Amino acid sequence: YNDVHVNFTQEEWALLDPFQRNLYKDVMLETYRNLTAIGYNWESHNIEEHCQNSRRHTRHKRIHIGEKPHECNRCGKAYASNSDLLRHKGTHTGEKPYECNQCGKAFAWNSDLQKHKRTHTGEKPYECNQCAKAFADNSSLQRHKRTHTGEKPYECNQCGKAFVRNSHLLVHKRTHTGEK
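Basis of the calculations
The numbering scheme is per chain: residues are counted from 1 as the chain's sequence reads. Residue-level local features of this predicted model are given only where pLDDT is at least 70; pairs of side-chain atoms are given and counted only at 80 or more, and the full residue set underlies all totals for whole chains, interfaces and linings. Side-chain numbers come from the whole structure's heavy atoms, not from hydrogens or water. We count a stretch as a helix when DSSP gives it H or I for four or more residues in a row; a strand needs E for two or more, and each element gets its number in order from the N terminus. Relative accessible area decides the class of each residue, using a 1.4 Å probe on protein chains only: under 20% of the type maximum gives buried, over 50% gives exposed, and in between gives partly exposed. Only heavy atoms matter for contacts: two residues are in contact if any of them lie within 4.5 Å across the pair. All accessible-area figures derive from a Shrake-Rupley calculation using a 1.4 Å probe, and residue coverage is judged against the displayed protein chains alone. N or O atoms within 3.5 Å of each other form a polar contact, as long as, within protein, one can give a hydrogen and the other can take it, and as long as residues adjacent in sequence are counted only when both atoms are side-chain atoms. The term nonpolar core refers to a set of buried residues drawn from Ala, Val, Leu, Ile, Met, Phe, Trp, Tyr and Cys, joined through side-chain atoms within 4.5 Å. Under this scheme, a helix contributes an axis fitted over its contacting stretch, all axes are lines through C-alpha atoms, and angles between N-to-C directions fall in the 0 to 180 degree range. Any angle from 65 to 115 degrees is called roughly perpendicular, while one under 35 is roughly parallel, one over 145 is roughly antiparallel, and all others are oblique. Charged means Asp, Glu, Lys or Arg here, nonpolar means Ala, Val, Leu, Ile, Met, Phe, Trp, Tyr, Cys or Pro, and polar covers whatever is left, Gly included. A carboxyl oxygen of Asp or Glu within 4 Å of a side-chain nitrogen of Lys or Arg is what we treat as a salt bridge. Think of pLDDT as the predictor's per-residue confidence, scored from 0 to 100. Each residue after the first adds 1.5 Å to the expected span of a helix.

Colleague: Lay out the overall build of the protein in plain terms, naming residues and giving numbers.
Modeller: Summing up its helical and strand segments, the protein has eight helices and eight strands in all. Classification of the 180 residues of the protein by burial places 29% in the buried group. A separation of at least 24 residues holds for 18% of the contacts in the protein among residues at least 6 apart in sequence. Carbon and sulfur atoms make up 47% of the accessible area of the protein, which amounts to about 12,200 Å² in all.

Colleague: Could you give an account of the side chain of His172, naming the residues involved and the relevant values?
Modeller: Topologically, His172 is positioned in helix H8 (residues 166-177). Only 3.1 Å separates the side chain of His172 from the side chain of His176, close enough to count as a polar contact.

Colleague: Please give an account of the nonpolar core that cites residues and values.
Modeller: Counting seven residues, the largest nonpolar core consists of Phe8, Trp13, Leu16, Tyr24, Met28, Leu29 and Tyr32. It is helix H2 (residues 18-37) that contributes the most residues to this core, four residues altogether.

Colleague: Give me the lowdown on the packing of H2 against helix H5 (residues 82-93), citing residues and values where you can.
Modeller: Where H2 meets H5, the closest approach of the two axes is 11 Å, and the angle between their N-to-C directions is 110°. The angle between H2 and H5 places the two elements in the roughly perpendicular class. Of the residues in H5, those touching H2 at Lys25, Asp26, Leu29 and Arg33 are Ser83, Asp84 and Arg87. Looking at the contact of H2 with H5 residue by residue, the classes come out as one nonpolar, one polar and five charged.

Colleague: Outline the pattern of salt bridges, supporting the account with residue identities and numerical values.
Modeller: Under the definition given, this model contains three salt bridges. Of the charged contacts, one joins Arg118 and Glu123 as a salt bridge, the two residues approaching to 4.0 Å between their closest N and O atoms.

Colleague: Would you mind going over the confidence of the model for the protein in detail, with residue names and values included?
Modeller: Parts of the model with low pLDDT should not have their predicted coordinates read in detail. Confidence in the prediction for the protein averages 80 pLDDT; 82% of positions are at 70 or higher. The element-level mean pLDDT for the protein is lowest in helix H3 (residues 47-50), coming to 47, with strand E6 (residues 134-135) highest at 92. The model gives residues 46-54 a pLDDT under 50, and that stretch makes 16 contacts with residues more than four places away or in other chains.

Colleague: Run through the environment of Leu29, naming residues and quoting values.
Modeller: Relative to the elements of secondary structure, Leu29 occurs in helix H2. Separated by 52 residues in the primary sequence, Leu29 and Ser81 have C-alpha atoms spaced 9.8 Å apart.

Colleague: Kindly report on unusual backbone geometry, identifying the contributing residues and their values.
Modeller: One non-glycine residue, Ala132, lies in positive phi territory at about 70°. As for its placement among the helices and strands, Ala132 is situated in the loop between strand E5 (126-127) and E6.

Colleague: I'd like a description of H2, backed by residues and values.
Modeller: Spanning 20 residues, H2 covers 28 Å between terminal C-alpha atoms, matching the ideal 28 Å at 1.5 Å per step. Every buried residue belonging to H2 is among Tyr24, Asp26, Met28, Leu29, Thr31, Tyr32 and Leu35, and all of these are buried.

Colleague: I'd love a proper account of the environment of Ile38, names of residues and values included.
Modeller: Looking at the element boundaries, Ile38 is found in the loop between H2 and H3. What makes Ile38 exposed here is its relative accessible area of 55%. Along the primary structure Ile38 and Asn138 are separated by 100 residues, whereas in three dimensions their C-alpha atoms are 9.6 Å apart.

Colleague: Give a detailed account of the side chain of Asn110, specifying residues and quantitative values.
Modeller: Take Asn110: it is sitting in helix H6 (residues 110-121). Discounting residues that sit within four places of it in the chain, Asn110 has contacts with Leu23, Asp26, Val27 and Tyr98.

Colleague: Requested: an account of the environment of His144, with residues and values cited.
Modeller: Looking at where His144 falls in the secondary structure, it is placed in helix H7 (residues 138-149). Owing to a relative accessible area of 13%, His144 belongs among the buried residues under this scheme. When sequence neighbours within four positions are dropped, the list of residues in contact with His144 reads Cys128, Cys131, Lys133 and Phe135.

In structure tokens, the structure reads:
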């Protein structure tokens, strides 16, 4: 957290262009999500110290309690922050503002661009603490860890069969509906 957090003054924040502000917000939200996903305990930190105003603090708390008051009027998907909703709306228009400076491939999400860049560098910063296998992104590591634990968190609500990946559950559900 401390490696990416910058405590901007209001004057400094005002000097940033919208792209820089959105990039910073994206990085911080991804950091919060990643730290929360690995069980980081926010209770032991003074969150107020890290959040400059009550609006930012409110957005921050929403991440932890799962509140998503910002809903897309096209598809109904909901988000914790308005900036996430605005970014999502770009998926309906096909907008992809994040472009790889090596190959030109564009992405709707900054986190997807960061993962993509690792295909050029070969970097795999996420390592399994049981077998030392390395991965380019955290979600792949988390999925891999289930091979050690046997965890299958995606369960069919009709027959109880469980799966390691949500996509496998979705394919399975078609066996109940007859859909191909």
